[in-house]
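Secondary and tertiary structure notes
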Amino acid sequence: QVQLVESGGGLVQAGGSLRLSCAASGGTFTRYTMGWFRQAPGKEREFVGGITWSGGSTNYADPVKGRFTISRDNAENTVYLQMNSLKPEDTAVYYCAARLVATTLWSWGQGTQVTVSS
């Protein structure tokens, strides 16, 4: 079972940037598709974006396209979420998730808070 630990959250002004990191352990990292999700107060958890095991393909939810970038370093067992041009509506707990290739079940990190002030 893979374990995931996020870091890099915090408070930032609108228009600013943050980079989240997610360190994975306990599994073969390249067997996992990685994803980022977020959950705002009073809302359901939503998909932010994902990256394939090789890093060769990414996809993003419409609200973050063009502002957020996911990357991974398979040598360091780490996935990143670079967030630019942040908006107050990006405020949420951000979760890293891992899914074995060709499966549907996600494993989750504990989450990291991102707060964007206006």
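Everything discussed here concerns the structure shown above.
Residues numbered from 1 in each chain as written. Predicted model: local features only at pLDDT ≥ 70, side-chain atom pairs only at ≥ 80, totals over all residues. Heavy atoms only, no water.

**Brief notes about the sheet that holds strand β8 (residues 78-83)**
With antiparallel pairing, four strands are arranged side by side in an open sheet as β1-β3-β8-β7. Every other strand in the sheet has two partners, leaving β1 (3-7) and β7 (68-73) as the edge strands with one partner each. Across this sheet, the average inter-strand angle for adjacent strands is 15 degrees, counted without regard to direction. Here six bridges tie β7 to β8, and the two strands are oriented antiparallel to one another. Note on β8: the bridge partner recorded for Ser-71 is Tyr-80. (Pairing = 2+ DSSP bridges. Helix = DSSP H or I, 4+ residues; strand = E, 2+ residues; numbered from the N terminus. Axes fitted to C-alpha atoms, helices over the stretch in contact; angles between N-to-C directions.)

**Quick notes on the state of the cysteines**
For the structure shown, the criterion picks out one disulfide. Across a sulfur-sulfur distance of 2.1 Å, Cys-22 and Cys-96 are joined as a disulfide pair. Sign of the S-S torsion, about -75 degrees for the bond between Cys-22 and Cys-96, identifies this disulfide as left-handed. Linking Cys-22 in strand β3 (residues 18-25) with Cys-96 in strand β9 (residues 92-100), this pair joins segments that are 74 residues apart in sequence. Using a relative accessible area of 0% as the deciding quantity, one classes Cys-22 as buried. On the basis of relative accessible area, Cys-96 is assigned to the buried category, the value being 0%. (Disulfide = S-S within 2.5 Å. Buried < 20%, exposed > 50% of the residue type's maximum accessible area, 1.4 Å probe, protein only.)

**Description of the packing of aromatic side chains**
Under the definition given, this model contains four aromatic pairs. A ring pair is formed by Phe-37 and Phe-47, whose centres lie 5.5 Å apart and whose planes are at 75 degrees; its orientation type is edge-to-face. In this pair, Phe-37 is assigned in strand β4 (residues 32-39) and Phe-47 in strand β5 (residues 46-51), connecting sequence segments ten residues apart. Here Tyr-95 and Trp-108 contribute two aromatic rings whose centre-to-centre distance is 6.4 Å and whose plane-to-plane angle is 85 degrees, an arrangement assigned as edge-to-face. On the criterion of sequence distance, the pair formed by Tyr-95 in strand β9 and Trp-108 in strand β10 (residues 106-108) is long-range, its members being 13 residues apart. With relative accessibility at 13%, the residue Tyr-95 sits in the buried group. (Phe/Tyr/Trp six-rings, centres within 6.5 Å; stacked < 30°, edge-to-face > 60°.)

**Structural notes on the side chain of Thr-91**
Within the secondary structure, Thr-91 sits in the loop between β8 and β9. For Thr-91, the side chain forms a polar contact with the main-chain nitrogen of Val-116, separated by 2.9 Å. Apart from residues lying up to four places away in sequence, Thr-91 is in contact with Ala-40, Gln-113, Val-114, Thr-115 and Val-116. (Polar contact = N/O pair within 3.5 Å; in protein donor to acceptor, adjacent residues only side chain to side chain. Contact = heavy atoms within 4.5 Å.)

**Re the environment of Ala-61**
Structurally, Ala-61 can be placed in the loop between β6 (58-60) and β7. The buried category is assigned to Ala-61, whose relative accessible area is 16%. Taking the C-alpha atoms as reference, Ala-61 lies 8.8 Å from Glu-46; in sequence the two are 15 residues apart. In contact with Ala-61, not counting residues within four places along its chain, are Phe-47 and Val-48.

Worth remembering: the numbers are spatial, not functional.
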